[in-house]
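# Observations on the three-dimensional arrangement
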Amino acid sequence: MTSRIQHPPLRIRPGVSRGFAVFLVAAHSLGLAVVSALPTGAPARVAMAAAVLLGLACGLYGPVMHRFPWSLREAVWRGDGGWALIFADGRELEGRLLPATYVGVSVVVLAFRCGRIRTCFLPLSSDNLDPDLMRRLRVRLRLTGTVKWRGSEGTP
C-alpha cells in the first residue's frame, strides 16, 4: 500500500539579496577593468564598457531586485507538487521544476519551465529568504529527488 504525502504549500518570495548585488558589482567592475586594459581604440572600449554597464543594470534590476515586468517575483510550491510562478507584473503561470535547479551549500537557484520554451530562474540565498523557509525548501527538494545536489551535504 502506497500513500502520497500531501505537503502544505510553500510560498517563496525572496527579497533583495545584498550578497548577489555585491557579487554582480564586483564581477562587472572586473569586466570594466579588463575592458579598459584592452589594446583597442577608444570607441570600441566605450562600446564594450557600455555593454558591461548595461549587463550590470539588467542583473541588478532583474534577478536581484525583481523589478522588470518579466522578473520572477514569487514561486508557490503547491501541495500537489505543482508550481505557480508569479511575475512582477502580476501574471501567474504554471511552472515545472527542471533538473537544472542548483542546490548548493548556501545558494539555491530554482530553474523552471514556464511555457513551451521559456525558462525562468529564481536565485535564493540566506540573505534574501527566511532561513527556516530555505531549510524547508531544501528538505522538500531533497525528498522529491528531482534535482541533483551539489556540495558536501548533498551526497547520499
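For the structure, check the block above.
Residues numbered from 1 in each chain as written. Predicted model: local features only at pLDDT ≥ 70, side-chain atom pairs only at ≥ 80, totals over all residues. Heavy atoms only, no water.

## What to know about the overall build of the protein
Put simply, the rule reads: Working definition: helices are DSSP H or I runs of at least four residues, strands are E runs of at least two. Numbering for both runs from the N terminus. For this analysis, residues touch if any pair of their heavy atoms sits within 4.5 Å. Accessible surface area values rest on a Shrake-Rupley calculation with a 1.4 Å probe, where residue burial reflects the displayed protein chains alone.
A tally of regular secondary structure across the protein gives three helices and seven strands. When the helices and strands of the protein are read in sequence order from the N terminus, they spell out β-α-α-β-β-β-β-β-β-α. Considering only intrachain contacts with a sequence separation of at least 6, the fraction spanning at least 24 residues in the protein is 52%. For the protein, the exposed surface amounts to about 9,400 Å²; the carbon and sulfur share of it is 64%.

## A closer look at the packing of aromatic side chains
As a reminder, the rule being used: Side-chain rings of Phe, Tyr and Trp, where Trp is taken by its six-membered ring, are said to pair if the distance between their centres is within 6.5 Å; with planes under 30 degrees apart they count as stacked, over 60 as edge-to-face, and otherwise as tilted. Exposure classes here rest on a 1.4 Å probe applied to the protein chains alone. A residue is buried below 20% of its type maximum, exposed above 50%, and partly exposed in between. Our definition puts a charge over a ring when NZ of Lys or CZ of Arg is within 6 Å of the ring centre and also within 35 degrees of the ring normal.
Going through the model one piece at a time under the given rule, you end up with four aromatic pairs. Here the aromatic rings of Tyr 61 and Phe 68 are separated by 4.9 Å at their centres, their planes lie at 75°, and the arrangement is edge-to-face. On the basis of relative accessibility, which here comes to 38%, the residue Tyr 61 falls in the partly exposed class. Assessed through its relative accessible area of 19%, Phe 68 is described here as buried. Measuring from ring centre to ring centre gives 4.6 Å for Trp 77 and Trp 83, while their planes differ by 20°; the resulting arrangement is stacked. Overall, the relative accessible area of 2% leaves Trp 83 in the buried class. Ring-pair connections join several aromatic residues into one group, and the members of that group are Tyr 61, Phe 68 and Trp 70. For Arg 91, the ring lying beneath its charged end belongs to Phe 87, and the centroid distance is 4.7 Å. Across from the ring centre of Trp 77, 5.2 Å away, lies the NZ or CZ of Arg 140, which sits over that ring.

## Examining the pairing of strand β7 (residues 119-125)
Consecutive side chains of a regular strand alternate in pointing toward one face of the sheet and then the other. Going by this rule: Strand pairing is assigned whenever DSSP detects at least two bridges linking the two strands.
Here β7 lies mainly inside the structure; five of its seven residues are buried. Bridge count between strand β6 (residues 107-113) and β7: seven bridges; the pairing is antiparallel. Looking across to β7, one finds that Arg 113 is bridged to Thr 119. Turn length for the β6-β7 hairpin, with the two strands adjacent in sequence and antiparallel, is five residues, and the turn residue Gly 115 shows positive phi of about 100°.

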